[in-house]
Amino acid sequence: MKVCNITLNTINDVKNFVSIVSQCPYEVDLISDRYTIDAKSIMGIFSLDLSKPIQMNIHADNCDEFLARIKGFLA
């Protein structure tokens with residue numbers, strides 16, 4: 001499992017992020033405070049506090065290609 005932080009500042013950031021994550025064959029979770037949501041759920045992401053960085057857990061060992069695609073969102 002890989003752990004890193006992301007920031008999603010605009011509605012378009014959220015839409016683009018979900019579009020990229022939805023193409024992944026593995027699970028990706030976002031954790032903010034005590035809430036854990038599926039990163040493929042646009043409604044779930046909007047329920048989080050987007051004013052601060054969000055922890056992202058990627059449930060895969062080899063996710064370098066995915067990280068390269070979302071590098072603009074990495075905090």
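I will try to describe carefully the structure that is included in this document. Keep in mind that what you see is a predicted model, and the values were worked out from it rather than measured.

**Description of the overall build of the protein**
The secondary structure content of the protein amounts to three helices and four strands. Its helices and strands taken in sequence order, the protein reads β-α-β-β-α-β-α from the N to the C terminus. Computed over the C-alpha atoms, the radius of gyration of the protein is 11 Å, within 12% of the 11 Å expected from 2.2 N^0.38 for a compact globule of 75 residues. With respect to the principal axes defined by its C-alpha atoms, the protein has extents near 30 × 25 × 20 Å. Out of the 75 residues belonging to the protein, those deemed buried represent 40%. Look at the contacts in the protein between residues 6 or more apart in sequence, and 64% of them connect residues 24 or more apart.

**Digging into the sheet that holds strand E2 (residues 28-32)**
Strand order across the open sheet formed by four strands is E1-E4-E2-E3, with antiparallel pairing between neighbours. The sheet is open, and its two borders are formed by strand E1 (2-6) and strand E3 (35-38), each paired with just one other strand. Shown here is a sheet whose adjacent strand axes are inclined to one another by a mean of 25 degrees, direction ignored.

**With respect to the pattern of salt bridges**
Taken as a whole, this structure holds one salt bridge when the rule is applied. Ionic pairing is found between Asp33 and Lys52, a salt bridge with its closest N-O pair at 3.1 Å. Of this pair, Asp33 sits in the loop between E2 and E3 while Lys52 sits in the loop between helix H2 (42-46) and strand E4 (54-58); the two residues are 19 residues apart in sequence, bridging distant segments of the chain. Residue class for Asp33 comes out exposed when judged on its relative accessible area of 60%. Judged by relative accessible area, which is 32%, Lys52 ranks as partly exposed.

**A short note on the side chain of Ser32**
Inspection of the secondary structure assignment puts Ser32 in strand E2. A relative accessible area of 5% places Ser32 in the buried class. The residues contacting Ser32, other than those within four sequence positions of it, are Leu48, Asp49 and Lys52.

**Focus: the pairing of E2**
Buried residues dominate E2, accounting for four of its five residues. Here E2 pairs with E4 via four bridges, running antiparallel. Considered in E4, the bridge of Ile31 is made with Gln55. Relative to E3, E2 runs antiparallel, the two sharing four bridges. In the sheet register, Ile31 faces E3, and the bridge partner there is Thr36.

Definitions and limits used
Residues numbered from 1 in each chain as written. Predicted model: local features only at pLDDT ≥ 70, side-chain atom pairs only at ≥ 80, totals over all residues. Heavy atoms only, no water. Helix = DSSP H or I, 4+ residues; strand = E, 2+ residues; numbered from the N terminus. Rg over C-alpha atoms; globule rule 2.2 N^0.38 Å. Buried < 20%, exposed > 50% of the residue type's maximum accessible area, 1.4 Å probe, protein only. Contact = heavy atoms within 4.5 Å. Pairing = 2+ DSSP bridges. Axes fitted to C-alpha atoms, helices over the stretch in contact; angles between N-to-C directions. Salt bridge = Lys/Arg side-chain N within 4 Å of Asp/Glu carboxyl O.

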